[in-house]
Amino acid sequence: MTEQRDHAGGNAGVIAPPPLISLAALLLGLALDWLVPIGILSALLPLAARLVVAALLAIVGIWLAKTFFSTFSRLGTPVDPRQSVKALATAGIFAKTRNPAYQAQGILLVALAVAIASDWTFLLLPVWALVMHYGVVAREERYLEARFGEQYRNYRASVPRYGWPF
């Protein structure tokens, strides 16, 4: 974790707050479940199995989110990507993945979809991922490179975007 010396303002210019994108995917999925029910998740997994799977996923998602929030809090940098970043997080979970907050949101979205047997929410995950990638992550990466320069380029070269090496 390195403090940025140049405190020029600006922000990533994301298309919307990431939690709202996740909420929109969930609400759209629920609306589609109501309008055009599929029933695959409830047919494949009984409620007890869905709840166990969802609980395990939720534990991972909550842990990732908690780790993200505590790291940003310790650095004194805002979690809202619409605000100016004060520091580049590179240690802890950020040494393994550059986007733990968005991974947490995705995992929690899957947990909810499984728990409530929302087939459409589950099917909307690729759309959610594309919106998050191009509307949030790619914009944040451009902003962080402009803000932190070579330091961010070195970090980006050594830590995978989503925690896996491709």
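Structure: above.
For clarity, every value in this text was computed on a predicted model and none was experimentally measured. (Residues numbered from 1 in each chain as written. Predicted model: local features only at pLDDT ≥ 70, side-chain atom pairs only at ≥ 80, totals over all residues. Heavy atoms only, no water.)

## Re the packing of helix H6 (residues 125-148) against helix H7 (residues 150-158)
Look at H6 against H7: their axes get within 6 Å of each other, and the N-to-C directions meet at 135°. As judged from the angle between their axes, H6 and H7 are oblique. Residue-level contacts link Glu141, Leu144, Glu145 and Phe148 of H6 to Glu150, Gln151, Tyr152, Arg153 and Arg156 of H7. Here the residues of the contact of H6 with H7 are counted per class, giving three nonpolar, one polar and five charged. (Axes fitted to C-alpha atoms, helices over the stretch in contact; angles between N-to-C directions. Helix = DSSP H or I, 4+ residues; strand = E, 2+ residues; numbered from the N terminus. Parallel < 35°, antiparallel > 145°, perpendicular 65-115°, else oblique. Contact = heavy atoms within 4.5 Å. Nonpolar A, V, L, I, M, F, W, Y, C, P; charged D, E, K, R; others polar.)

## What to know about H6
At histidine 133, H6 shows its strongest bend, of approximately 35°. Remark: glycine 149 follows H6 within two positions and exhibits a positive phi of approximately 55°. (Bend = angle between axes of the 7 residues up to and from the residue.)

## A few points about the packing of aromatic side chains
Under the defined criterion, the tally for this structure stands at five aromatic pairs. Considering the side-chain rings of phenylalanine 68 and phenylalanine 69, the 5.2 Å spacing of their centres and the 65° angle between planes classify their relative orientation as edge-to-face. Judged by centre distance (4.5 Å) and plane angle (45°), the ring pair of phenylalanine 68 and phenylalanine 72 falls under tilted. Of this pair, phenylalanine 68 and phenylalanine 72 both sit in helix H3 (residues 47-75), four residues apart, which is roughly one turn of the helix. Assessed through its relative accessible area of 9%, phenylalanine 68 is described here as buried. (Phe/Tyr/Trp six-rings, centres within 6.5 Å; stacked < 30°, edge-to-face > 60°. Buried < 20%, exposed > 50% of the residue type's maximum accessible area, 1.4 Å probe, protein only.)

## Some words on the pattern of salt bridges
Here the structure, examined in full by the defined rule, presents six salt bridges. The partner of arginine 98 in a salt bridge is glutamate 141, and the shortest N-O contact between them spans 2.7 Å. One end of the pair, arginine 98, is in the loop between strand E2 (87-88) and helix H4 (100-115); the other, glutamate 141, is in helix H6, and 43 residues separate them in sequence. By relative accessible area, arginine 98 is classed as buried at 11%. With a closest N to O distance of 2.7 Å, arginine 161 and glutamate 141 form a salt bridge. (Salt bridge = Lys/Arg side-chain N within 4 Å of Asp/Glu carboxyl O.)

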